[in-house]
Amino acid sequence: MDNFAKKYVDGFMAELVARNPGEPEFHQAVKEVAESIAPYIAENPQLIDLKILERIAEPERIIIFRVPWTDDRGELHINRGFRVQCNSALGPYKGGIRFHASVNLSIMKFLAFEQTFKNSLTTLPMGGAKGGSDFNPRGKSDAEVMRFCQSFMTELCKHIGQDTDVPAGDIGVGGREIGYLFGQYKRLRNEFTGTLTGKGLAWGGSILRPEATGYGLCYFAEQMLATKGKSFEGQTVVVSGSGNVAQYASQKAMRLGAKVVTLSDSDGFIHDPEGLTEEKMAYVFQLKNIRRGRIKEYAEKYPNAKYYPGQRPWGIPCDIALPCATQNEIGKEDAEALIKGGCYCVAEGANMPSTPEAIAVFQAARILYSPGKASNAGGVATSGLEMSQNSMRLHWTAEEVDAQLHRIMSDIHAACLKYGTEEDGHVNYVKGANLAGFIKVANAMTDQGIV
Ligand code: NDP
Ligand code: 2IT
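A brief look at the structure comes next.

Definitions and cut-offs
Residues numbered from 1 in each chain as written. Chains lettered and ligands numbered in written order. Predicted model: local features only at pLDDT ≥ 70, side-chain atom pairs only at ≥ 80, totals over all residues. Heavy atoms only, no water. Helix = DSSP H or I, 4+ residues; strand = E, 2+ residues; numbered from the N terminus. Rg over C-alpha atoms; globule rule 2.2 N^0.38 Å. Contact = heavy atoms within 4.5 Å. Areas by Shrake-Rupley, 256 points an atom, 1.4 Å probe, with all protein chains shown as cover. Pairing = 2+ DSSP bridges. Axes fitted to C-alpha atoms, helices over the stretch in contact; angles between N-to-C directions. Near = heavy atom within 4 Å. Polar contact = N/O pair within 3.5 Å; in protein donor to acceptor, adjacent residues only side chain to side chain. Nonpolar A, V, L, I, M, F, W, Y, C, P; charged D, E, K, R; others polar. Buried < 20%, exposed > 50% of the residue type's maximum accessible area, 1.4 Å probe, protein only. Right-handed = clockwise from strand over helix to strand, strands pointing away. Salt bridge = Lys/Arg side-chain N within 4 Å of Asp/Glu carboxyl O. Phe/Tyr/Trp six-rings, centres within 6.5 Å; stacked < 30°, edge-to-face > 60°. Lys NZ or Arg CZ within 6 Å of the ring centre and 35° of its normal. 1 Å grid on protein atoms, 1.4 Å probe; cavity = no way out; pocket = protein on both sides within 12 Å on 5 of 7 lines; lining within 4 Å. Points joined across faces, edges and corners; volume = space filled by probe spheres on them.

## Observations concerning the overall build of the protein
Of the regular secondary structure elements, the protein holds 17 helices and 13 strands. Relative to a compact globule of 451 residues, whose C-alpha radius of gyration would be 22 Å, the protein shows 21 Å and is just as compact. Dimensions along the principal axes, computed over C-alpha positions, put the protein at roughly 60 × 50 × 45 Å. Here the analysis covers contacts within the protein between residues at least 6 apart in sequence; of these, 71% occur between residues at least 24 apart. Carbon and sulfur atoms make up 51% of the accessible area of the protein, which amounts to about 18000 Å² in all.

In structure tokens, the structure reads:
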């Protein structure tokens, strides 16, 4: 960074940290964007006067609410609900809902901030938001999850709507939870609208939305690989997570000819040196989505696989890594282990899975590395397609949705190349994604005046 950029970022971050103490994930996400756009700001000083980044980093609205619910034994529990409506310059607020014990204001704000740039990159008219609760769905019965979702929506329904804010899934929120949330929204508001995405196919959902984040990730990674004359064919792929994104990323990578050798959850990872097959994938879908079991059971079912409790998969040699679990799951040493193991492409399915120190390792090694806001945007993009279908009151075919998803991921990749190609030809996808996402939001905010 040159002198202006460093001074700009330091000054901006000092104020942001003082104003938002104790929010490390939020600081981390904002700093990465500030660093990427500082040279552009230097060339466009009106953006400093208009305080565009300061405004994006101050969410338009934050709603925090009590969520009381009763478990199957009759005991009362109190959780905290959040919705961070970060930016509506490009369209109605849009972004997922996360149910996980770790959810707090910092995590909600970082995710809503990231979503604003991601949604801008999709080319679709969507603002950025995120919501969730510190509710832990693990071990809860369907009836408990339903009562929790109904209580959560009883407050949230006052703040969302098809033209206002359209939530969807994220960690701990899949088809089951979206169903309970939608049912309660419809009951309270007495309207059948597309206010949530990720709905069931029979009641307004888009075909391919469940697959979209993982498939889109692989479509994006294909484009990255193509810049080096490579493809997934014959490559060894390490995946973290075993939820929605990990499952469909693994399935697509496998179908594109790769050998996917790991999956994980918060308790550990499995290494299957022979790689996933369609039959093993069917088992994983059953294990995780129907029985809601743990990934270690994979190694009991397939004894050639080994379970590593308490560890993450980054030490397994691979060509391509697809982190699909959670934020900051790849630290500096993990990144070094990946490079040492031969990894030359990291495409993020999760949101901010790499720490800044890990990103620095990838950048220094000049490998292909894409940030989640570019490579995992296929999920929210397909949510945008679900909104379009709901507005038109019709359904597109799988071929139509898949073709649009392909096009959108290609367009995002092209935007990263346009804004992120450095003098020596190396593509800095972080810079490209942040700059492309920012410019569109900044221009819209400039057009719309001081609001
Ligand atoms: P799921 O709840 O379906 O799966 C999450 C997976 O990650 C599980 O295997 C879970 O293991 C693991 N995990 C969660 N938290 C942690 C943790 N703290 N440490 C280790 N492992 C953890 O969520 P998704 O697959 O939907 O989301 C995964 C990531 O992808 C998230 O970062 C999310 O924000 C991002 N994302 C999701 C999109 C979507 O459409 N769903 C779109 C774009 C990004 P365990 O069961 O042990 O908790
Ligand atoms: O992080 C994300 O992009 C999501 N969880 C999906 C959001 C959405 O609105 O589909």
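## Focus on the sheet that holds strand 3 (residues 93–99)
Spatially, five strands are ordered 1-2-4-3-5 in an open sheet, and the strand pairing comes out mixed. The open sheet terminates on both sides in strands that have one partner only, identified here as strand 1 (61–70) and strand 5 (165–168). Within the sheet, the average angular offset between the axes of one strand and its neighbour, ignoring direction, is 20°. In this sheet, strand 5 lies alongside strand 3 in parallel orientation, the contact comprising four bridges.

## Some details on the site of ligand 2
Around ligand 2 sit 14 residues, and of these Lys94, Lys118, Lys130, Asp170 and Ser383 come closest. Contacts to ligand 2 include Gly169, whose backbone N or O atom sits 3.0 Å from a nitrogen atom. For ligand 2, whose free accessible area comes to 300 Å², the fraction covered by protein is 94%. Those elements giving two or more residues to the shell around ligand 2 turn out to be strand 3, helix 5 (105–121) and helix 15 (378–392). Split by residue class, the shell around ligand 2 holds two nonpolar, seven polar and five charged.

## Overview of the pairing of strand 6 (residues 236–240)
By the criterion of burial, strand 6 is predominantly enclosed, with five of the five residues buried. On strand 6, burial covers both faces: Thr236, Val238 and Ser240 on one face and Val237 and Val239 on the other are all buried. Viewed along the sheet, the connection from strand 6 through helix 9 (residues 244–255) into strand 7 (residues 259–260) turns out right-handed.

## Some words on the pattern of salt bridges
Pairs may arise between side chains of opposite charge once their charged atoms sit close together. Under the counting rule described, the total for this entry stands at 29 salt bridges. For the salt bridge of Arg312 with Asp334, the shortest nitrogen-to-oxygen distance reads 3.5 Å. Highlighted residues: Arg312 in the loop between strand 10 (306–309) and strand 11 (320–323) and Asp334 in helix 12 (residues 332–340), separated in sequence by 22 residues. Asp334 gets classed as buried once you look at its relative accessible area, which sits at 18%. Asp424 is the partner of Arg366 in a salt bridge, and the nearest nitrogen-oxygen pair spans 2.4 Å. Of this pair, Arg366 sits in the loop between helix 13 (356–364) and strand 13 (368–370) while Asp424 sits in the loop between helix 16 (398–420) and helix 17 (429–447), and the two are 58 residues apart along the sequence. Residue classification places Asp424 among the exposed residues on the basis of a relative accessible area of 55%. Counted as one network, the salt bridges with shared partners bring together Arg138, Asp265, Asp267, Lys288 and Arg294.

## As for the site of ligand 1
In the vicinity of ligand 1, 25 residues are found, and the nearest of them are Asp170, Thr213, Ser266, Arg294 and Asn351. Between ligand 1 and the protein, one listed contact pairs an oxygen atom with a backbone N or O atom of Val245 at 2.9 Å. Within the side chain of Asn351, one N or O atom sits 2.8 Å away from an oxygen atom of ligand 1. Here ligand 1, which alone exposes 890 Å², has 83% of that area covered by the protein. Mapped by element, the contributors of at least two residues to the shell around ligand 1 are helix 8 (209–226), helix 9 and strand 8 (262–265). For the shell around ligand 1, the class distribution of residues is five nonpolar, 13 polar and seven charged.

## Describing the packing of aromatic side chains
Under the criterion given, the structure shown has 24 aromatic pairs. Note on Phe4 and Tyr8: the rings are 6.0 Å apart at their centroids and 15° apart in plane angle, and the pair reads as stacked. You can see Phe4 and its partner Tyr8 sitting in helix 1 (residues 3–19), four residues apart, about one turn around the helix. Overall, the relative accessible area of 34% leaves Phe4 in the partly exposed class. Given the relative accessible area of 12%, Tyr8 is considered buried. Ring-pair connections join several aromatic residues into one group, and the members of that group are Phe65, Trp69, Phe99, Phe135, Phe148 and Phe152. Sitting over the face of the ring of Phe26, Lys109 holds its NZ or CZ atom 4.5 Å from the ring centroid. Its end group placed over the ring of Tyr215, Lys252 keeps NZ or CZ at 4.3 Å from the ring centre.

## Here we look at the layout of surface pockets
Approximately 460 Å³ is the volume attributed to the second largest pocket. Around the second largest pocket, the lining is made up of 18 residues, and of these Glu32, Glu35, Ser36, Ile359 and Val430 lie nearest the centre. For the lining of the second largest pocket, the elements supplying multiple residues, two or more each, are helix 2 (24–43), helix 13 and helix 17. No other element matches helix 2, which puts eight residues into the lining of the second largest pocket. Partitioned by chemical class, the residues of the lining of the second largest pocket number eight nonpolar, six polar and four charged.

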